[in-house]
Amino acid sequence: MRINMGSAINWNINFIQYSIPFGTQHFGAVIGLGTNFNHFRFKAKNTMTTGDDHIIFNTTLQDQGHNVKSSRFFSWSLTAPLLIEFQNRNPYWQRFYVATGILAHLRLHSSTTIIYDKSRKLNESDSFNMHDLSYAATLRIGYGPVRLYTNFYPMGFFESGQGPTVYPIELGIVVLPFI
């Protein structure tokens, strides 16, 4: 399950967000609803399928003499953040904030795509023994329009005993911050 880190992409889009102040303008809770997209490329020219009781990584196409160009994995989830936030109330361009909490995830879709022999594709959609419901611990830090985040998934990527032990970490920068 080694992935090409240079081509791993994670997108988070929060389409609903609500702030609840804790009696002061500096502390509060943030709740919302959003979506999470993860797109990975495997380093090896393999693909994964769901076996009877675990994930199977295979190189069948390559073993049959096909020229495998890339192997990809995609997952899409609905997210619900619950954060505790501190921020100073300076003007927007000088505002500093720190938020931490959890992101609840509901898996909506996951699939693999393997591209071989120039432009032939083989797609498979499945749960791949991933958790349908999971959560991530999150930390977000920002100053003005620059915002960084990290998400850690302590439950792991796959259900216990159903796949390799993988604990994803997402690191990123917010490209389009909304005031």
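Owing to the predicted nature of the structure, the values given are computational and were not obtained by experimental measurement.

(A) Layout of the overall build of the protein chain. Helix and strand counts for the protein chain come out as one helix and 10 strands. Going residue by residue from the N terminus, the α and β elements of the protein chain occur as β-β-β-β-α-β-β-β-β-β-β. In terms of overall dimensions, the protein chain has a C-alpha envelope of 65 × 30 × 20 Å along the principal axes. Of all 179 residues assigned to the protein chain, the portion counted as buried reaches 36%. Long-range pairs, those at least 24 residues apart, make up 64% of the contacts in the protein chain with a sequence separation of at least 6. Surface summary for the protein chain: the accessible area is close to 10,700 Å², and the carbon and sulfur share equals 60%. Of note, the protein chain has its 14 positive side-chain charges centred 15 Å away from the centre of its 10 negative side-chain charges.

(B) Local environment of the pattern of salt bridges. Applying the stated criterion to the full structure yields one salt bridge. In this structure, Arg107 engages Asp132 in a salt bridge whose closest nitrogen and oxygen atoms are separated by 2.9 Å. With Arg107 in strand E6 (residues 96-116) and Asp132 in the loop between strand E7 (120-125) and strand E8 (133-143), this residue pair connects regions lying 25 residues apart in the sequence. Look at Arg107 and you get buried, because its relative accessible area is 17%.

What counts, and where the lines are drawn
Residues numbered from 1 in each chain as written. Predicted model: local features only at pLDDT ≥ 70, side-chain atom pairs only at ≥ 80, totals over all residues. Heavy atoms only, no water. Helix = DSSP H or I, 4+ residues; strand = E, 2+ residues; numbered from the N terminus. Buried < 20%, exposed > 50% of the residue type's maximum accessible area, 1.4 Å probe, protein only. Contact = heavy atoms within 4.5 Å. Areas by Shrake-Rupley, 256 points an atom, 1.4 Å probe, with all protein chains shown as cover. Lys, Arg positive; Asp, Glu negative; His and termini not counted. Charge placed at Lys NZ, Arg CZ, Asp CG, Glu CD. Salt bridge = Lys/Arg side-chain N within 4 Å of Asp/Glu carboxyl O.

Distances and angles like these do not, on their own, reveal function.
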